[in-house]
Amino acid sequence: MNILVTGGSGFIGSHLIKQLEENGHVVRDISSDVQLADDDEFGNPQVIYHLGAFPRVGYSLENPEKVLSNNHLSTLRVLEYCRFHPETRLVNVSSSSVKFAKLVRNPYAMSKKFGEDLTDLYRVTYGVKATNVRLFNVYGPGEAEYGPFTTLVKACKKRVMSGANLKVTGDGSIKRDFTHVLDVVNGLIAVDRMLQQDSAMALYELGAGVPTSVIEVVEEFQRGTSLKIEQVPARDNDPELTIADPTRRPHGWMPVFDVLDYVQDWKAAGCPND
């Protein structure tokens, strides 16, 4: 197939493109800022995976206009393309924050909620072949660094590699549905398979389905090292739990990776800078 991935140079997008190309597809990538792209730049794809967005909650709190405008307008642009190209399917990638965060305190989550609502509007009103997919705490090799907004797994890797003490927010009791990027990639491909078969639900959730506490992850990174764990103040409005609904998995998809096993394997491999 001819496939377009927005945000394909990002963490998840780069893994998705690699798998799609290994599957024999021709893949085109454009950046997250696609609202001004003309139709020729889309390349007449059979499916668009829309991952392009400014991520991270903390970043959105400091840059609300940038995050809200880009994430909203880029989603609107790909939906408009699909409206006038009914042969093109759309997999709109959303976030678990829509489900668990307080939207009025979270510009990133609000931007993703906008995207879901827009996708539903175009699907119902204009017959666009589209669906939403919420992702849950994605980790794995190739994670980007976002300074103070870096994910837990990536931040722990950096500290182990540098010999710095590990940090945990609050008492570390909050639980997250950590999901490996390769599980996410296979899930996204499975979702498009549902679209091709005209059997897609309006919303999917790709999560491991087994929440793990933050302190468990940090302690797994600490195990076998001389590093200490330092407690820092808990972040405001952090939900106590995120977990994907297993009834919203695409047919035939099951997560394979476990985050604690992943940490063990990463350390056994010599703590590579991945």
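Scroll up to find the structure.
Read on for an overview of the structure. (Residues numbered from 1 in each chain as written. Predicted model: local features only at pLDDT ≥ 70, side-chain atom pairs only at ≥ 80, totals over all residues. Heavy atoms only, no water.)

1. Comments concerning helix H1 (residues 11–22)
Here's step 1: Here H1 is twelve residues long and its end C-alpha atoms lie 17 Å apart, about the 16 Å a rise of 1.5 Å per residue gives.
Here's step 2: Listed in full, the buried residues belonging to H1 are Phe11, Ile12, Gly13, His15, Leu16, Ile17 and Leu20.
Here's step 3: Packed against the buried residues of H1 are strand E1 (2–6), strand E2 (26–30), strand E3 (47–50), strand E5 (130–135), strand E6 (138–139) and helix H7 (181–196).
Here's step 4: The positive-phi residue at the C-terminal boundary of H1 is Gly24, with phi of around 95°. (Helix = DSSP H or I, 4+ residues; strand = E, 2+ residues; numbered from the N terminus. Expected span 1.5 Å × (residues − 1). Buried < 20%, exposed > 50% of the residue type's maximum accessible area, 1.4 Å probe, protein only. Contact = heavy atoms within 4.5 Å.)

2. A few points about the pattern of salt bridges
Here's step 1: Considering all chains together, one arrives at 13 salt bridges under this definition.
Here's step 2: Across the salt bridge formed by Lys157 and Asp274, the nearest N and O atoms sit 2.8 Å from each other. Pair noted here: Lys157 is in helix H6 (residues 152–162) and Asp274 is in the segment after helix H9 (259–268), with a separation of 117 residues, a long-range link.
Here's step 3: Accessibility expressed as a relative area gives 2% for Lys157, which makes it buried.
Here's step 4: Judged by relative accessible area, Asp274 falls into the partly exposed class, the value being 26%.
Here's step 5: A salt bridge links Arg223 to Glu220, with the nearest nitrogen and oxygen atoms 3.3 Å apart.
Here's step 6: Classification of Glu220 by relative accessible area gives buried; the value is 8%.
Here's step 7: Counted as one network, the salt bridges with shared partners bring together Lys99, Glu116, Arg134 and Glu205. (Salt bridge = Lys/Arg side-chain N within 4 Å of Asp/Glu carboxyl O.)

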